[in-house]
Amino acid sequence: MSRLVLGPFNRVEGDLELQLDVEGGQVSAARVNSPLFRGFEQILVGRAPLDALAIVPRICGICSVAQSAAAALALADTAGIVPAPNGRLARHLIQATENLADHLTHFYLFFMPDFARSDYAHHAWHGAVSERFAALNGTASGDMLPARAGFLRLMGFLAGRWPHTLALQPGGTTRAISSAERIRVLAQIRDFRAFLEKTLFGDALEAVAALGSIDALQAWAEARQGDFPAFLRAARTLRLEQTGRACDRFLSFGAYDLLPPGLLSAGMTSEPLDIGRISEDHRHAWLYGSDAVAPANGHTRVAADKADAYTWCKAPRYAGQVAETGALARQLLAGHPLLQAFVASHGGSVTARISARMIELASLVPAMESWARQLTPGEAFCTQGEIPDEADGVGLTEAARGSLGHWLSVRHGRIARYQIIAPTTWNFSPRDAAGQPGPLEQALVGLPAGEGAPPLIQHVVRSFDPCMVCTVH
Amino acid sequence: MLRLVWLQSGGCGGCTQSLLCSEPRALLAELRDAGIDIVWHPALSAASDREALTLLEDLAEGRTGFDILCVEGAMLRGPNGTGRFHLMAGDGRPLTDWVGRLARHARWVFAIGSCTAFGGFSAASPENPLEACGLQYEGDAPGGLLGKAFTSRAGLPVINIAGCPTHPGWVVDSLEKLALEGFTADDLDALQRPRFYAEHLVHHGCPRNEFYEFKASATKPSDLGCLMENMGCKGTQAHADCNTRTWNGSGSCVRGGFPCISCTSPDFEAPGHPFAETPKLAGIPIGLPTDMPKAWFVALAALSKSATPRRVRDNAVADHPVVAPAIKRTEQK
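Residues numbered from 1 in each chain as written. Chains lettered and ligands numbered in written order. Predicted model: local features only at pLDDT ≥ 70, side-chain atom pairs only at ≥ 80, totals over all residues.

J.: I'd like to hear about the overall build of chain A, residue by residue, with values.
T.: Along chain A, the regular secondary structure elements total 18 helices and 15 strands. Relative to the 2.2 N^0.38 estimate, which gives 23 Å for 473 residues, the radius of gyration of chain A is 22 Å and therefore close to what a compact globule would have. Seen through its C-alpha atoms, chain A measures out along the principal axes to roughly 65 × 60 × 40 Å. For chain A, with 473 residues in total, the buried portion stands at 62%. Considering only contacts within chain A whose residues lie at least 6 apart along the sequence, 72% involve residues at least 24 apart. (Helix = DSSP H or I, 4+ residues; strand = E, 2+ residues; numbered from the N terminus. Rg over C-alpha atoms; globule rule 2.2 N^0.38 Å. Buried ≥ 20, exposed ≤ 12 C-beta atoms within 10 Å, placed from the backbone. Contact = placed C-beta atoms within 7 Å.)

J.: Report on the overall build of chain B, specifying residues and quantitative values.
T.: Scanning chain B for helices and strands turns up 11 helices and 11 strands. Taking 2.2 N^0.38 as the reference for a compact globule, 333 residues should give roughly 20 Å; the C-alpha atoms of chain B span a radius of gyration of 22 Å, in line with that estimate. For the C-alpha atoms alone, the extent of chain B along its principal axes is close to 75 × 45 × 35 Å. Burial status across chain B gives 55% buried among its 333 residues.

J.: Quick rundown of the packing of helix H6 (residues 140-151) of chain A against helix H8 (residues 179-201) of chain A? Include the residues and the values.
T.: Residues and elements named next belong to chain A. The N-to-C vectors of H6 and H8 enclose an angle of 155°; their axes lie 9 Å apart at closest approach. Judged on the interaxial angle alone, H8 and H6 are roughly antiparallel. Once H6 is placed against H8, the crossing between them reads as left-handed. Residue-level contacts link Asp-143, Ala-147, Gly-150 and Phe-151 of H6 to Gln-188, Asp-191, Phe-192, Phe-195 and Thr-199 of H8. Tallied by class, the residues present in the contact of H6 with H8 amount to 4 nonpolar, 3 polar and 2 charged. (Axes fitted to C-alpha atoms, helices over the stretch in contact; angles between N-to-C directions. Parallel < 35°, antiparallel > 145°, perpendicular 65-115°, else oblique. Left-handed = near helix turned anticlockwise from the far one by under 90°. Nonpolar A, V, L, I, M, F, W, Y, C, P; charged D, E, K, R; others polar.)

J.: Could you give an account of the interface of chain A and chain B, with specific residues and numbers?
T.: Often, the extent of an interface is quoted as the loss of accessible area on bringing the components together. Chain A puts 69 residues into the contact, and the matching count from chain B is 63 residues. Going through the elements one at a time, strand E1 (2-6), helix H1 (40-44), helix H2 (52-55), H6 and helix H7 (153-158) of chain A are the ones with two or more residues in the side of chain A that touches chain B. Among the elements that make up the side of chain A that touches chain B, the one with the highest residue count is H6 of chain A (6 residues). When grouped by side-chain class, the residues that make up the side of chain A that touches chain B number 38 nonpolar, 20 polar and 11 charged.

J.: Give me the lowdown on unusual backbone geometry, citing residues and values where you can.
T.: Following Gly-7 of chain A, the chain continues into Pro-8 of chain A via a peptide bond in cis, with omega recorded as 0°. By the element assignment, Pro-8 of chain A lies in the loop between E1 and strand E2 (17-23). Look at the link from Glu-23 of chain B to Pro-24 of chain B: it is a cis peptide, with omega at 5°. Summarising the element assignment, Pro-24 of chain B is placed in the loop between helix H1 (14-19) and helix H2 (27-33).

J.: Can you explain the nonpolar core? Please cite residues and give values.
T.: Ranked by internal contacts, the top residues of the largest apolar core, which has 267 residues, are Ala-52, Leu-93 and Leu-158 of chain A. Inspection of this core shows a minimum of three residues originating in each of domain 1 (2-198) and domain 2 (201-319) of chain B. Setting aside anything within four residues of it in sequence, one finds Leu-158 of chain A in contact with Ala-90, Leu-93, Ile-94, Ala-167, Thr-173, Arg-175 and Ile-177 of chain A. (Core = buried A, V, L, I, M, F, W, Y, C linked by C-beta atoms within 7 Å. Domains from an automatic or database assignment.)

J.: Account for H6 of chain A, naming residues and giving values.
T.: Taking 1.5 Å per residue as the helical rise, H6 of chain A with its 12 residues ought to reach 16 Å, and the 16 Å between its terminal C-alpha atoms agrees with that figure. Burial analysis of H6 of chain A places 9 of its 12 residues in the buried class, the great majority of the element. (Expected span 1.5 Å × (residues − 1).)

J.: Account for the domain arrangement of chain B, naming residues and giving values.
T.: All names here are of chain B. Taken as a whole, chain B is organised into domain 1 (2-198) and domain 2 (201-319). Of all the secondary structure elements, the ones that give two or more residues to the side of domain 1 that touches domain 2 are helix H5 (114-118) and helix H7 (195-198). Grouping the amino acids of the side of domain 1 that touches domain 2 by side-chain chemistry returns 10 nonpolar, 6 polar and 2 charged.

J.: Requested: an account of the sheet that holds strand E9 (residues 159-161) of chain B, with residues and values cited.
T.: Residue and element names in this part refer to chain B. Pairing is parallel in the open sheet, where 5 strands are placed in the order E2-E1-E3-E5-E9. For this open sheet the edge positions go to strand E2 (36-40) and E9, each flanked by a neighbour on one side alone. Between one strand axis and the next, the sheet turns through 25° on average, direction left out of account. Direction of pairing for strand E1 (residues 2-8) relative to E2: parallel, over a ladder of 4 bridges. Bridged to Leu-4 within E2 is Ile-38. Each of E1, E2, strand E5 (108-112) and E9 is contacted by helix H6 (residues 168-180), which is oriented at about 150° to E9, the strand it contacts most. (Pairing = 2+ DSSP bridges.)

Below is the structure:
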C-alpha cells in the first residue's frame, strides 16, 4: 500500500487536501482534510443577535445569501416572526439567484475544465470540449460570465448587492420592489432564460425539466448544440453515471416552499426530517471533544494537537449515519424521475449530481418568473418584531450545495451560542467515532489513483461542488 | 503582458466571486486584452496538485518571473505563531510562509479585500485567537505580516483594495491602471487604498439624500428614510464610490435598504455597537459626517428637521412613497 497526498485542490471554493491509501492502483481508503480554519462561531458569541445578519454572510463568498437566510430564519424562530408574503417571495428570488448563479459558476469554471485535460486527448470529443472549456482561455467563459453578471443584477434590485447583503431580515427583506422595478426584474430573468436555452441547453427550460428517464436524456443530448449536452456525451464515454457513488442516503432541509425536506434512503423511501436526530461528531477534527453533540448544545474549541485528528471539519450525522446533501438530494426528495432513475441504477454519481444542478436551473427559473409576478407592489416586504433577550432558534435552509442549519441561543440579549452545519460539512466530513467515513471519503474508494490514472478523482471531488470556506466556518 | 499570481487564505472567497461579476465584458477576456495574464488563480486555473505546487514553488523561489501578487484573505498566524490555521494543501507549509516568499519577488502586491488589508472579520474574535492580520496592517496599525517597512520590487507598499467584498471595478480598474500608466505612492491614500475609489464617500450619490437633508429618518428595516440617525449607516464617513459606481447594475447597500457599515475601513467588523443601530450621545449620533463640525451639524439638523416637508417626513417611514411630489410649473416667470 502507498499513500498519496493530493493538493492544492483548486477550482473548489476554499482549501482541500486528500490523503489516499492506494492498493493495486486503486484507492482503498480516503481521508478528506479541510486545511483552513475560520472560527466564525466564536466571532458571533457576545454580539447583539441581529449582528448575525452582518456577520454570517462573510462566512462564504459564494453561499453568502444562504448564510443570511439561515440566520434570518433562526432569528425569526426566536421571536415567532412571520415574514410578510412579499418578503418571503423576495427572499426566494434572492436565494434562487445565488443558488442558480452558483450552479453556473460550478459547471463552467470549476467542473468542466477537467475535461480539457490532455489525459482525454484520444477521445473524439476532446478537441471541441477543450476549446470550449479550457481553464482561463476556453470560449465558454466569454458567454457565461456576462450571463452570470447580468443575472446577478437581480441582486442590485432585490438585495442591494452580492455577495454580502444585509437585505434579508427575520421579517422579510429591506428592499420593497416597485411595479416599475418588477418589470425590470422580469426582463432580467428573461435574459437569463434566453442564455440557458440558447447556450447551456439548446432547448426550452420546460423541455429540459421534463426529461424523465436516462434513455430520454441520452437521446435528447445526441447531436444537440449546447454545453450540457456536450458534457453528457463526454460523461457517457467515461461512464461517469457509474462513478462516484457515496452513501446513497440523501438529506434536504427543503427550499422555496417547493422542494420538500426529508431524508431519502436507498430504494427511494423517504422519511420526514427530524432535526433532533442531527448531531456533530468531533472525533477526527482538531477540536475539543469526541462525542457526538446536538448542534443546539454544540461547541467549537480548537485542539490543534489532538491525536488521530486530520481536519478542521466536524462530522455531522443524521441518526448516527452519514448523509449526502445537495441539488441531487433536493431533486430526489422532490421525486424527479430522471434523477431517481440515475440513483436507482448506479447510486449517487458524477453525472447524477451534475444533472440535478441542470434540472434545478431548468425548473427554478420558471419558478422565479412566477414569484416575481406574485409580488404585490405597495404591500409590505418586511414585518417587524423584537428579538427576545432569552431565546433559542433554529434556521434551516438549502444553499446551492445542500442543507444549511444555524442553531442560535440568545442570553441576556447577546448571542451565547451559535452553531452552523454547512452543506460541505456533511459531504466532506471526516470519519466519526464509529469509524464511518464521510460521503466523499466513501465515494473515492475504488477509483484509479497514482501515476497514469485517469483524472476521475478530480471529477468525483468536484461533482459535489464543495465549498470549503463554509465547511470550516 | 503583466503576469498575475493570486492566492487565497483566511477569507470567504467573496472578492473573487464579486470580481467575476465584472461588467460589461467577460472578466477573463477583458483582463487578457488589457495586458493581464493570470498565471495562477486557485478558483480558475487548470493546474492541480503537484503541477500547481511546482508552479508556485518556481514563482516563490524566483525561478519563474511574475509581476503582480494578489492575496485574498487574512493572514492566519495562529495557533501560537505556527500558521497551522492555514497550511497549503498538499504541501504542509503555512500560507503565511508562501505569501512572504512570493511577496519578495512581486513587483506589486495587492491586498484584495479588507481581510487582506487590515485583518477584517477573521481578526474579529475576542482576543483574535487566529492571530489574523492584514498584509501590512493589523487593524489600523501599520505592521501586519509583511511589516511596516515592506516595499515590493517596484518600490511601493502593499496596495490595499479594501472592501468586504471588493467591488469588481475596484480590482479591475486597479489592474488596468497598472497596465496602462502604473501606480505611484501618490495614487494611494493614507491607508494605502487607491485614491480613485477611496477618496469618495459612500454618501456621494446616495439616493436617500433628500431624506438626509431634512433628517427624515428611517426607524425600521425597509423604510425609505435616511439610515444615518437610527439604522447605523456610516455612508457619510465611509470611503468608497458605491453610490456613483453602483453594484450589480443599480445596487448598493443603502439602495438595498440597509446601512453602510463602512467595510473599506480598518476595524469595521467590530464597531462597538450593533451594526444596524446608531450609537448616540444625548440623542445625537456619535459618528458625524466626515469634515462636518459638530456644532454646525446639530444646528443644521435642528433647523432642517423643523423644515421637513410632509412628503419627505411621511415617506421616510414607509417602504414605498405614500406622498408624491407636488407638480410645479418650472418655466421662468
